[in-house]
Amino acid sequence: MQGGPLIPDIVHIDQPYWYDEGGDMDPDEFGLMRARALEEEIDKHGEGRIAAFIAEPIQGAGGVIVPPDTYWPEVMRICKERDILFCADEVICGFGRMGEWFGSMHYDLQPDMISMAKGLSSAYLPIGAVAFSEARAQEMFKTAGEFFHGYTYSGHPACCAAALKNIDIIEREGLIDRVRDHTAPLFAEKMKKLADHPIVGEVRTRGLLAAIELVPEKPSRKRFENIGTVGTLCRDHCFANGLVMRAVRDTMVCSPPLVITDEEIDELVEKAWKSLDDIWAKVGNK
Ligand SMILES: *Cc1c(COP(=O)(O)O)cnc(C)c1O
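Residues numbered from 1 in each chain as written. Predicted model: local features only at pLDDT ≥ 70, side-chain atom pairs only at ≥ 80, totals over all residues. Heavy atoms only, no water.

## Here we look at the site of the ligand
Inclusion rule: Note on terminology: near, applied to a residue and a molecule or strand, indicates that one of the residue's heavy atoms is within 4 Å of it. Think of a polar contact as two N or O atoms within 3.5 Å of one another; within protein, one of them needs to be a possible hydrogen donor and the other a possible acceptor, and neighboring residues in sequence only count if both atoms come from side chains. Accessibility throughout is a Shrake-Rupley quantity obtained with a 1.4 Å probe, and a residue counts as covered only by protein chains that appear here. The nonpolar class holds Ala, Val, Leu, Ile, Met, Phe, Trp, Tyr, Cys and Pro. Asp, Glu, Lys and Arg form the charged class, and all remaining residues, Gly among them, are polar.
Neighbouring the ligand are Glu 56, Asp 89, Val 91, Ile 92 and Lys 118. Taking Asp 89, its side chain carries an N or O atom lying 2.7 Å from a nitrogen atom of the ligand. Here an oxygen atom of the ligand and a side-chain polar atom of Lys 118 are 2.5 Å apart. For the ligand, the protein covers 48% of the area, taking 390 Å² as the surface of the free molecule. For the shell around the ligand, the residue count by class is two nonpolar, no polar and three charged.

Right under this line is the structure:
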């Protein structure tokens, strides 16, 4: 790994990725199992040694991993019972990506902290932020007087102005309601058609996030040998066909702009189908 070891004293639990890791389990049962891994890990170290649980509502760059419906309610129960803070990483899910201001709202989560960036300024200028719940902010101000944290360019006025204007425009154009009520349902419906392609094992969408699982044979959820090779080739076909789609191992992921039009969704799906044809012609079982 580049950059040496990661920050010490952080423990990880396995992800709620049913398609790859769920085996014969029912997705809901699997979701509960992966949530309870949090409980086991907390108990192993002791409640007093775990400050917070950090996770994305939907894991984005990890492969658009949509947890089973049982996962989040169980995680919230565990965090509340053990008094463990929950920090939602909303860098991808926030600002309309899931048809709500935050992915946490989609799942009815109550985070103590939210980290945000990307959609905060729609990337026009670089800016990130952390929000605290009222209760946690009050505690912090009582004990420390302020939140000690900063970089040289933290809160740079130009970036803040760009972010505020960006949020203004999202509100003015009603973009988030439009994603929730119109664009995301249409996107889901059109993307689902890709599941008919012989190389596609599953299509998942939530809001304007999508994942397409590439597999050599559908029902078994078996993977290609040399994981990542077919995904990378497929990505190259996408680029050649004029479609920006990323590969995470052998999972194609995409997150189109919130302003995508109905016609552009059709174009995206057409180009994706063509790219799947191109990769299937190379690697399909003949
Ligand atoms: C891009 C991304 C990050 C990285 O954010 P930085 O501001 O570069 O640290 C963190 N979390 C998620 C979910 C991301 O997509």
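The rest of the description comes next.
## With respect to the pattern of salt bridges
Put simply, the test is: Salt bridges are defined by distance alone: a side-chain nitrogen of Lys or Arg within 4 Å of a carboxyl oxygen of Asp or Glu. In this description a helix means any DSSP run of H or I spanning at least four residues, a strand means any run of E spanning at least two, and both kinds are numbered starting from the N terminus. Buried, partly exposed and exposed residues are distinguished by accessible area as a fraction of the type maximum, computed with a 1.4 Å probe on protein chains only: under 20%, between the cut-offs, and over 50%, respectively.
With the rule as written, the count across this model stands at 21 salt bridges. A salt bridge links Asp 20 to Arg 223; its shortest N-O distance comes to 2.8 Å. One end of the pair, Asp 20, is in helix H1 (residues 18-21); the other, Arg 223, is in the loop between strand E6 (209-214) and helix H8 (229-240), with 203 residues separating them in the sequence. Linking Asp 43 and Arg 82 is a salt bridge whose minimum nitrogen-to-oxygen distance equals 2.3 Å. Separated by 39 residues along the polypeptide, Asp 43 in helix H2 (residues 27-45) and Arg 82 in helix H3 (residues 71-82) bring together distant segments of the chain. For Asp 43, a relative accessible area of 46% puts it in the partly exposed group. Residue class for Arg 82 comes out buried when judged on its relative accessible area of 15%. The structure contains a network of salt bridges with shared partners spanning Arg 36, Glu 39, Asp 43, Glu 74, Arg 77, Glu 81 and Arg 82.

By themselves, these are just geometric observations and shouldn't be taken as functional.
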